[in-house]
Each structure stands twice: as structure tokens, then as C-alpha cells.
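Structural characterization, general
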Amino acid sequence: MIPLTNRSKTVSNKKMTFAERLYLPGIVSGMFITLKHFFRKKTTIKYPEKKREFAEIYRGRHVLKRDDEGRERCTACGLCALACPAEAITMVAEERKPGEEHLYREEKYAKIYEIDMLRCIFCGLCEEACPKEAIFLTKETVISGFHRDVFIYGKDRLVESADPDKRIDITKRLTPEVIEFKKDKKQRHNRK
Ligand code: SF4
Ligand code: SF4
């Protein structure tokens, strides 16, 4: 018969030695494994004095991006909310009024946009679903809190700063195919 695993051992009825009856071989081999780990490089760090560096493509808290002219990119189409498996995103859309062209890129914008960070599983599907390159995940983590309401992130915490020097760089998250596509000015998507 073919064995199911190569780790199986045949049970022996051999009488135990005196040392085995005192568990000595087991204790010695256990201590040896413990000692071996003493001299290995530690995988833990002394947080919060030391902070671990996250990868550029780490999926942390979201940012709602502005375009080069500082206008909000989100058009409140709802595709991110539809793609979200955790139903963490809610929004209320509003028509852009004459004179607000400098604030919102599209004719419709999100008057209210909220993400419940307690529901979010940081899968990144909202980022993938967005046709306006308006929402991205960042390498920033969500700060802990004692009350549930502090985990509802509204536009005040999601929309990036209008100051060009404080913009959040998301280029590292773009795949080479997307970067190549964005160079093509024949595409209407890239002209605005
Ligand atoms: S990262 Fe995933 S779970 Fe979180 S809001 Fe986006 S789609 Fe929803
Ligand atoms: S973030 Fe993107 S997908 Fe979500 S509502 Fe705004 S434009 Fe649509």
C-alpha cells in the first residue's frame, strides 16, 4: 500500500530506557531548539519607539485624490461602493453648480463620502473599480480609537490636501500598463 505521507512513523513497542522514562532526550532536544532561536535575528521590533517601514504598495487607509489643478476627482458614480465586498462605502451625490468648476472636476461630485474603517478589509477593490483615479489606498494605517464613530472617515480625512506640496504620491501603486496608458493623450481619459 502507498503511504499517504512520508512523515509517518511505525509505532514500536520497544521498552523505554531509563533516560527516556525521565523524558531526558525530549528535554535536551527541546532546550536545543530554544537555544538555537536565541541567536537568530529577531523578527519583532520595539514598537512604538521603532516603526516598521511599509511597502509602497501596502494597502492602508484611503485617500481621495485631487487633479493637477486641485479639483476633487471623485464624481460620485458609486462604482467603488458597488465593488466593495464589505459595504463600507457610502456617499451622497450633488450636482456641481456654476462657479464651482475650480473645486470639482466633473459635473457631479460627492457631497458626502464616508468609509467605515471597521468594516473595510483593505482589499483594494474600490481602487480598482474607480474610473476617475479618485480613490487609492495608501501606506498610512488607521489609527486606533475607543469609539466606533472615530472609524467613520469622511471627506475631511479622506480628501488630500489642496497644497501641491502635501499631495500623496500614488505613482508607485500604478502598474506599468497603467503608466503607459496614461501617456496616451489620444485617450479622452488622459486629456482632462
Ligand atoms: S478596500 Fe475593499 S473593503 Fe475597504 S472600502 Fe475598498 S473595496 Fe471596501
Ligand atoms: S471614488 Fe471613484 S468609483 Fe468611487 S464614487 Fe468616486 S469616482 Fe466613483
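Residues numbered from 1 in each chain as written. Chains lettered and ligands numbered in written order. Predicted model: local features only at pLDDT ≥ 70, side-chain atom pairs only at ≥ 80, totals over all residues.

Overview of the site of ligand 1
With respect to spatial proximity, 14 residues lie near ligand 1, and among them C84, C120, C123, L125 and C126 are the closest. Across the shell around ligand 1, the residue classes break down as 13 nonpolar, one polar and no charged. (Near = placed C-beta within 6 Å. Nonpolar A, V, L, I, M, F, W, Y, C, P; charged D, E, K, R; others polar.)

A word on the environment of I115
With respect to the helices, strands and loops of the structure, I115 is situated in strand β3 (residues 108-116). On the neighbour-count criterion, I115 (27 C-beta atoms within 10 Å) is buried. C-alpha of I115 to C-alpha of Y153: the two residues are 38 residues apart in sequence and 5.2 Å apart in space. The residues contacting I115, other than those within four sequence positions of it, are H62, A88, I89, C120, Y153 and L158. (Helix = DSSP H or I, 4+ residues; strand = E, 2+ residues; numbered from the N terminus. Buried ≥ 20, exposed ≤ 12 C-beta atoms within 10 Å, placed from the backbone. Contact = placed C-beta atoms within 7 Å.)

Quick look at the sheet that holds strand β5 (residues 152-153)
The strand order across the open sheet built from three strands is β2-β3-β5, with neighbouring strands paired in antiparallel fashion. Two strands bound the open sheet, and with one partner strand each, they are β2 (89-95) and β5. Here β2 runs beside β3; their pairing, made up of seven bridges, is antiparallel. Counterpart to A93 in the pairing with β3 is A110. (Pairing = 2+ DSSP bridges.)

Some thoughts on the site of ligand 2
If you check the shell around ligand 2, you find C74, T75, A76, C77, G78, L79, C80, A129, C130, K132, A134 and I135 and nothing else. Class assignment for the residues of the shell around ligand 2 results in nine nonpolar, two polar and one charged.

Concerning the nonpolar core
Within the largest apolar cluster, 21 residues are counted, with the highest numbers of intra-cluster contacts made by L64, C74, C80, I89, C126 and I135. Among the elements of the structure, β1 (62-64), β3 and β4 (135-137) are those that each provide at least two residues to this core. By residue number, the principal contributor to this core is β3, which donates four residues. Apart from the residues within four sequence positions on either side, I89 is in contact with C80, A81, C84, I115 and C126. (Core = buried A, V, L, I, M, F, W, Y, C linked by C-beta atoms within 7 Å.)

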